[in-house]
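Chain residues, written in single-letter form:
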Amino acid sequence: MASTYLFTSESVTEGHPDKVCDQISDAILDALLTQDPKARVAVECAASTGLVLVMGEVSSQATVDVQAIARRVITDIGYCGESGGGFDANSCSILTAINKQSPDIAGGVSVALEKRSKLSSDAMDAVGAGDQGMMFGFACNETPELMPMPISVAHRIARRLSEVRKNKTLPYLRPDGKTQVTIEYKDGVPVRVDSIVISTQHDPQIDSLTDNAEIQQRLTADLKAYVVMPVFNDLSIAPDKDTRYLINPSGRFVVGGPHGDSGLTGRKIIVDTYGGTGRHGGGSFSGKDPTKVDRSAAYAGRYVAKNIVASGLASRCEIQVAYAIGVARPVSINVTTFGTGKISDEEITKLVQKNFDLRPAAIIANFELQNLPAKNKGKFYEKVAAYGHFGRPDLNLPWENTDRAKQLKGALAETTSA
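Residues numbered from 1 in each chain as written. Predicted model: local features only at pLDDT ≥ 70, side-chain atom pairs only at ≥ 80, totals over all residues. Heavy atoms only, no water.

Undergrad: Can you help me understand the sheet that holds strand E10 (residues 316-323) in this one?
TA: Hydrogen bonds between backbone atoms are what pair the strands of a sheet, whose relative direction is either parallel or antiparallel. A sheet is described by the order of its strands in space; here three strands give the open sequence E5-E10-E11, paired in antiparallel fashion. Of all the strands in the sheet, just strand E5 (133-140) and strand E11 (332-336) have a single pairing partner and so form its edges. Direction aside, neighbouring strands of the sheet carry axes that sit 15° apart on average. (Pairing = 2+ DSSP bridges. Helix = DSSP H or I, 4+ residues; strand = E, 2+ residues; numbered from the N terminus. Axes fitted to C-alpha atoms, helices over the stretch in contact; angles between N-to-C directions.)

Here's what the structure looks like:
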């Protein structure tokens, strides 16, 4: 008997108050790593009406202008003058409260337990994990970028909202916005778009329209035509006559961004990852240098899972990696393929352990995580701080490569022929 169910994921635009904070945090990280690739950074932001607070820990020889960076990011997002809707890059106060990294943490990261205890002479055992915790990576074959369909579509719509605002296709839009997509599944396969929810900030008046009902009607027509439909060009499904649209369902949305709601770095971790599909270890990404395994190991987990799916070993894959602070080697690695694996999950886990080095130093080196800002003209992590850290066909992300798929396919052939 067929199993049918609905699954929903959400995304937010770059003007969402939490994403404003994520982008400021990662822009500061970019600036520090550009000057000093070995910088230890853990920077968070809070934003509210007329105020941005930048706080955290930084140990680095680099010198950056935190206020200038924050104002530039806010300006790029679109919060200036009247279009800011009450939050203005040029007039908001920016306070800083940044200290050095704890020497207790620094000691365990700079010289891992394996080195301190003289258990290893391997250079990749030199760097310990920046904290304990577990990280998850996920991939599936629902979209070309091997992401779950609901979060992929939600991100595409959110990115498109920003595009049509900035290129003046829909010039009355403002930076803040949220999207939500519900996909109907049949036997684990996405078969139709059940509903699409969009809440977008807008000017008080759209052309000559001032009546709220007329504004909502105009928004619905414009967003269907210029935002929603273009994102389905390369997907296997599209909205149909029964798809439900809820455009600004609360009505008027003029006051938004940090003026309408406070923002905080790291508060959109499900938006940043897989939209609720699979599990999450709880750690956020933005503002953290690559020695923090919350970030780097999550990227590595995505890389492993994506290569497993790309190789044909499974059509759906989740990997968990766990670490202890100051220790280089993971304390556990576990792969789950939800019954889609060509071989057992235990055998795939062994293949991962044999073919992927998940020590922090190896992850940093393989993806060049400390050098990416300098290689991208000082702006890399800021770009992934909005619209998801995974998938992202618009960006060239090293953890999205499937360059190990052929190797895994060969390992599968050896395993099945043995």
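Next comes the rest of the description.
Undergrad: It is not clear to me how the state of the cysteines should be interpreted in this structure. Could you clarify?
TA: Disulfides are covalent bonds that link the sulfur atoms of two cysteine residues. Considering all chains together, one arrives at zero disulfides under this definition. Not engaged in a disulfide, the cysteine Cys45 finds its nearest cysteine sulfur in Cys21; these two sulfurs lie 5.5 Å apart. (Disulfide = S-S within 2.5 Å.)

Undergrad: It is not clear to me how the sheet that holds strand E1 (residues 4-12) should be interpreted in this structure. Could you clarify?
TA: The strand order across the open sheet formed by four strands is E1-E6-E7-E8, and the pairing between neighbours is mixed. With one partner strand each, in any of the chains shown, E1 and strand E8 (244-247) form the two edges of the open sheet. On average, each strand axis in the sheet is inclined to that of its neighbour by 15°, with strand direction left out of account. Taken together, the nine bridges between E1 and strand E6 (residues 173-186) define a ladder with antiparallel strand orientation. Each bridged residue has a counterpart across the sheet, and for Thr4 the counterpart in E6 is Lys186. This element, helix H6 (residues 212-228), spans E6, strand E7 (189-202) and E8 of the sheet and lies at about 130° to E7. (Contact = heavy atoms within 4.5 Å.)

Undergrad: Looking at this model, I keep getting lost on the nonpolar core. Mind explaining?
TA: A general tendency of soluble globular proteins is for nonpolar side chains to be buried together. The biggest cluster of nonpolar side chains holds 77 residues, and the ones touching the most others in it are Ile308, Val352 and Trp399. Among the elements that take part in this core, helix H9 (residues 293-311) stands out by supplying 10 residues, more than any other. Apart from the residues within four sequence positions on either side, Val352 is in contact with Val304, Ile308, Ile319, Ile333, Val335 and Leu358. If you look at the next biggest cluster of nonpolar residues, it comprises 27 residues, including Met149, Leu161, Val181 and Val193. (Core = buried A, V, L, I, M, F, W, Y, C linked by side-chain atoms within 4.5 Å. Buried < 20%, exposed > 50% of the residue type's maximum accessible area, 1.4 Å probe, protein only.)

Undergrad: Got a minute to help me understand the environment of Asn99 in this structure?
TA: Among the secondary structure elements, Asn99 is positioned in strand E4 (residues 93-99). Residues Asn99 and Val41 lie 58 residues apart in sequence; the distance between their C-alpha atoms is 10 Å. Not counting residues within four places of it along the chain, the set of residues in contact with Asn99 comprises Gly56, Glu57 and Val58.

Undergrad: Explain H6 here, please?
TA: Owing to its 3.6 residues per turn, the α-helix aligns residues three or four sequence positions apart on the same side. When the local axis directions of H6 are compared, the greatest deviation, roughly 30°, occurs at Asp222. Inspection of H6 places Ile215, Leu219, Asp222, Leu223, Val227 and Val228 among the buried residues, and these make up the whole buried set. Where H6 is buried, its residues contact helix H5 (149-166), E6, E7 and E8. Between the side-chain oxygen of the N-cap and the backbone nitrogen of Ala213 there are 3.1 Å, and the N-cap of H6 in question is Asp211. (Bend = angle between axes of the 7 residues up to and from the residue. Polar contact = N/O pair within 3.5 Å; in protein donor to acceptor, adjacent residues only side chain to side chain.)

Undergrad: Please explain the packing of H5 against H6 as it appears in this structure.
TA: Packed helix pairs are specified by the crossing angle of their axes together with the interaxial distance, meaning the distance between the axes. Two elements in contact, H5 and H6, have axes separated by 9 Å at closest approach and are oriented at 105°. Taken together, the axis directions place H5 and H6 in an arrangement best described as roughly perpendicular. Residue-level inspection shows Ile157, Arg160, Leu161 and Val164 of H5 in contact with H6, the latter providing Leu223, Tyr226 and Val227. Looking at side-chain class alone, the contact of H5 with H6 contains six nonpolar, no polar and one charged residues. (Parallel < 35°, antiparallel > 145°, perpendicular 65-115°, else oblique. Nonpolar A, V, L, I, M, F, W, Y, C, P; charged D, E, K, R; others polar.)

Undergrad: Teacher, can you tell me more about unusual backbone geometry here?
TA: Excluding glycine, a negative phi dihedral is what most residues carry, and trans is how most peptide bonds are arranged. The phi angle at Leu146 is positive, at roughly 60°, despite the residue not being glycine. With respect to the secondary-structure elements, Leu146 resides in the loop between E5 and H5. One non-glycine residue, Arg392, lies in positive phi territory at about 50°. Mapped onto the fold, Arg392 is located in the loop between helix H13 (381-384) and helix H14 (405-417). For Arg392, a relative accessible area of 5% puts it in the buried group.

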